[in-house]
Amino acid sequence: MRDWLIYRTFWDLTVTGVALGSIYALVALGYTLVYGVLRLINFAHSEIFMIGTFASLITATNVLGLPMLEAGKYPYRTGFQLILILVACLVGSMVLSGAGAVALERAAYRPLRGSGDQFGAVVLAFVTAFVVGLIFFNTPKSNLLFGIIGTGPIAWMYLSLFRRGRQAPRLAFLISAIGASTAITEAVAIWGPRDREQYQTPRVLEKKTLFKLFGTDIRIDYVIVIVGALLMMTALLLFVNRTRLGRGVRAVAQDVETAKILGVNVDFVILVTFLLGGVMAGGAAMMFTLVYDQTKFNIGFLLGVKSFTAAVLGGIGNLRGALLGGMVLGLSENYGSALFGGQWKDVIAFVLLLVVLMFRPTGLLGESLAKARV
Amino acid sequence: MKKSTLLRVGAIAVSFAFVTAACGSDNDSSSSDTVVTADTAAAAGVTCNSVSIAFFGALSGDAGNLGKNIRAGADLAVSEFNTANPGCQVGLVDFDSQGDPAQAPALAQKAIADKSILGIVGPAFSGESKAADPLFDAAGLALITPSATNEALNDNNWKVFHRALAGDDKQGPGIATYISKTLAAAKVGVIDDASEYGKGLADIVKTTLGAAVVASDSIDPKAADFSAAVSKMKAAAPDAIFYGGYYAEAGKLAKQLRDAGVTATLVFGDGVKDQGYIDAAGPAADGSIITCTCADGASNAEFAAAYTAKFPGETPQTYGAEAYDAAKAFLAAIAAGKTDRAGVLEFLGTYDAAGVTKQIKWDATGEVAGNAVYAYKVDAGKIVSLGLIK
């Protein structure tokens, strides 16, 4: 019974696998870029994706005022209006995810590199004061007030600590990443209007079948995801390979000290790297809500783990590797769960990773952001 | 020397801060609901001192609505009791497990440690029941679950286990009957969420339907994408698809099935009987069949009126009436002067009273008498009752 099902679902699985793989790939780019430049696994990147999905939701409902349902039906839009809504959601996701990634870098990583600035100090001071406030008060208002009052002196203290300019050990970055990830998810879970439940996003795109390929319906949302992801990746490759700033990114990835001597503003380059990763995750987030119409405070967790796997699979630090890794993972998950049953989906993904790493320890395409050819 | 003293003082201060913080949040979570007072105006009714019952289940998380329904039913029973007995104010303590079996044991220990608690309304789900019930059994703390229907739960010889509704060994065949007789489906697809409850129920449905099952799969409820299972169902083209799991994933699954062009009638078990399913699935939910061994609480006029009086603008939801019956049984024990856990447990063994949902009387394994399975249908964004499955 299994065999004929696999045969008949093969192309179906291929299309959905490539679409999901595209989303993995876009998120994987964020892991790979940061790893290439900082040799840091940014575990909070999954939360940047999550912020993007919420940005898309807020843009659609709060800014554009779209309802969840219109007279018991989905609020479908067509033509120019539809394109406008999709572009607005994409821009909203990219801006908020990008800003989130930049803020994360300034507050959670930069102080550890020994070059913390006022922004990082203020954010960290506020969080510290807020958490200390939790010990003494239990109303949100008094907590917030205590947080704001406490920010001043604590920020001053942090700043004087930052001035010492000491670089923290490598492990500290990892802990900081995990901490930031937990803090962001819990903040959304606690303060979001629906607590830990899932949120629906309005469905504006009617998921029509565009054409048939090998007897399989090709839906418009999958086409948008695949084409959109390819466009974004091409743009990123062009940016890194062809622009002055992109050259800076490659230079820092190759050798930080030399890049510094040659006049590259390393802190700025790192900021740009986080921004690029954030924007890619934002794009992925908008496409994710387009296909699945939902999000949740921990939506990034599983997807983040998978995307990180995709990045390692393709060769972490390698932009094309992220693309290939994402596709391979998306497809093998789909084929695997059809072959062995859905409960084996994650097992298949990680066995694949192990096998690839056994034969090619640096991933399918090798770690090569540092090389001139990306 | 001086430095180490300073360190030690610092360490003590920090640990003290943590302890006070922990205690602070602890009180915070329970004090709002626990009204354990030795009321001075003991005028009428029973008198008692410092007794409470507990709610155990998900109040937040993906299936949080189901827990809130249960808590509301228990809350109604407790406040009715407290109004009638000024001399005996029974508290209701919440234990929010988020439906997570991993969190259940620690919460169960917490409940066991609170000596004022004489009975547990819950644990709500089968997975957490499996994790927490052995602890309750060891502590001799009686429990009545208004919703955990997994068939295997009563195989463990837990003395404290009671169920306020029929288990999945009754529900599963009921679902199979509905699919094969009422829906007259020749080809059936079965999907489960690999949970204690979902897989258990799906397996019973599968076995009962036999050769009619043409495709089956499991999904990972934490994932967003179910395309492998959806593709399989699409290729097998069944007339009906049964999904064993909870409402949040059912919503996502229904949507993805309909998007892929699958037109089969969707059939679900009691874990999906919540408005949250319709919120998640939108128009894709229309026409879905949901079964439950739970009665339609709203159809009992007296209970529904009391419920709406207590929670203005709301009607009793899934498991609310069962929770009310469960809490009533504990309150009857307290009214009968049972003020220790052993006494309450013993009392439940002989309890036989008319509840809102049915005659409440337990056999030796803790199963309630009767095996009614009800069918419901999603019609224009609302869950409407179709009555008993025959």
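**Topic: the sheet that holds strand E7 (residues 213–218) of chain B**
Residue and element names in this part refer to chain B.
Next up, step 1: Reading across the sheet, the seven strands line up as E7-E6-E8-E9-E10-E13-E14 and stay open at both edges, with mixed pairing between neighbours. Whereas interior strands pair on both sides, the edge strands pair on one side only; in this sheet they are E7 and strand E14 (382–388). For this sheet, the mean angle separating the axes of adjacent strands, direction not counted, is 25 degrees.
Next up, step 2: Relative to E14, strand E13 (residues 374–379) is paired through six bridges, and the arrangement is antiparallel.

**Considering the domain arrangement of chain B**
Residues and elements named next belong to chain B.
Next up, step 1: Domain parsing of chain B yields domain 1 (41–166 + 298–357) and domain 2 (169–292 + 373–388).
Next up, step 2: Taking the mean C-alpha position of each, domain 1 and domain 2 sit 29 Å from one another.
Next up, step 3: If you look at the interface, domain 1 gives 17 residues, while domain 2 gives 17 residues.
Next up, step 4: For the pair domain 1 and domain 2, the summed buried area comes to about 1400 Å², and 49% of that belongs to carbon and sulfur atoms.
Next up, step 5: It is Asp62, Glu151 and Thr318 in domain 1 that bury the most area against domain 2; as a group they hold 27% of the surface buried on that side.
Next up, step 6: Run the count over domain 1 and domain 2 and you get one salt bridge.

**As for the domain arrangement of chain A**
Next up, step 1: Splitting chain A by domain gives domain 1 (2–103 + 172–359) and domain 2 (117–164).
Next up, step 2: Taking the mean C-alpha position of each, domain 1 of chain A and domain 2 of chain A sit 32 Å from one another.

**Thoughts on the state of the cysteines**
All names here are of chain B.
Next up, step 1: Within the structure shown, the criterion is met by two disulfides over all chains.
Next up, step 2: The side chain of Cys48 participates in a disulfide bridge whose partner is Cys88; the two sulfur atoms lie 1.8 Å from each other. Handedness here is read from the sign of the S-S torsion; for Cys48 and Cys88, about 90 degrees, the answer is right-handed. Separated by 40 residues along the polypeptide, Cys48 in the loop between helix H1 (2–31) and strand E1 (51–57) and Cys88 in the loop between helix H2 (64–84) and strand E2 (90–96) bring together distant segments of the chain. Each member of the pair Cys48 and Cys88 is classed as buried.
Next up, step 3: Each bonded cysteine in chain B gets a number by its place in the sequence, and the pairs come out as 1-2, 3-4.

**A look at the sheet that holds strand E3 (residues 117–121) of chain B**
Residue and element names in this part refer to chain B.
Next up, step 1: The sheet built from five strands is open, its strands ordered E2-E1-E3-E4-E5 with parallel pairing. Both outer strands of the open sheet, E2 and strand E5 (161–163), are each paired with one neighbouring strand and no more. Strand-to-strand twist in this sheet, taken as the mean axis angle between neighbours without regard to direction, amounts to 25 degrees.
Next up, step 2: As judged from the three bridges shared by E3 and strand E4 (residues 142–145), these two strands associate in the parallel manner. By the bridge assignment, Val121 is partnered in E4 with Ile144.
Next up, step 3: Helix H4 (residues 126–139) rests against E1, E3, E4 and E5 of the sheet, and its axis sits at about 150 degrees to E1.

**Observations concerning the interface of chain A and chain B**
By a frequent convention, interface size equals the accessible area lost on bringing the separate parts together.
Next up, step 1: The interface of chain A with chain B comprises 37 residues on the first partner and 39 residues on the second.
Next up, step 2: Of the roughly 3000 Å² buried between chain A and chain B on both sides combined, carbon and sulfur atoms contribute 50%.
Next up, step 3: Summed over the shared surface of chain A and chain B, the number is four salt bridges.
Next up, step 4: As a salt-bridge pair, Asp259 of chain B and Lys207 of chain A come within 3.6 Å of each other at their nearest N and O atoms.
Next up, step 5: At the junction of chain A and chain B, the tally comes to ten residue pairs in polar contact (both at pLDDT 80 or more).
Next up, step 6: Among the elements of the structure, helix H1 (2–38), strand E3 (216–219), helix H10 (266–292), helix H12 (319–340) and helix H13 (345–359) of chain A are those that each provide at least two residues to the side of chain A that touches chain B.
Next up, step 7: Sorting elements by how many residues they give to the side of chain A that touches chain B places H1 of chain A first, with eight residues.
Next up, step 8: The class makeup of the residues in the side of chain A that touches chain B is twelve nonpolar, twelve polar and 13 charged.

The rules behind these values
- Residues numbered from 1 in each chain as written.
- Chains lettered and ligands numbered in written order.
- Predicted model: local features only at pLDDT ≥ 70, side-chain atom pairs only at ≥ 80, totals over all residues.
- Heavy atoms only, no water.
- Pairing = 2+ DSSP bridges.
- Helix = DSSP H or I, 4+ residues; strand = E, 2+ residues; numbered from the N terminus.
- Axes fitted to C-alpha atoms, helices over the stretch in contact; angles between N-to-C directions.
- Domains from an automatic or database assignment.
- Contact = heavy atoms within 4.5 Å.
- Buried area = accessible area lost by both parts, 1.4 Å probe.
- Salt bridge = Lys/Arg side-chain N within 4 Å of Asp/Glu carboxyl O.
- Disulfide = S-S within 2.5 Å.
- Buried < 20%, exposed > 50% of the residue type's maximum accessible area, 1.4 Å probe, protein only.
- Polar contact = N/O pair within 3.5 Å; in protein donor to acceptor, adjacent residues only side chain to side chain.
- Nonpolar A, V, L, I, M, F, W, Y, C, P; charged D, E, K, R; others polar.

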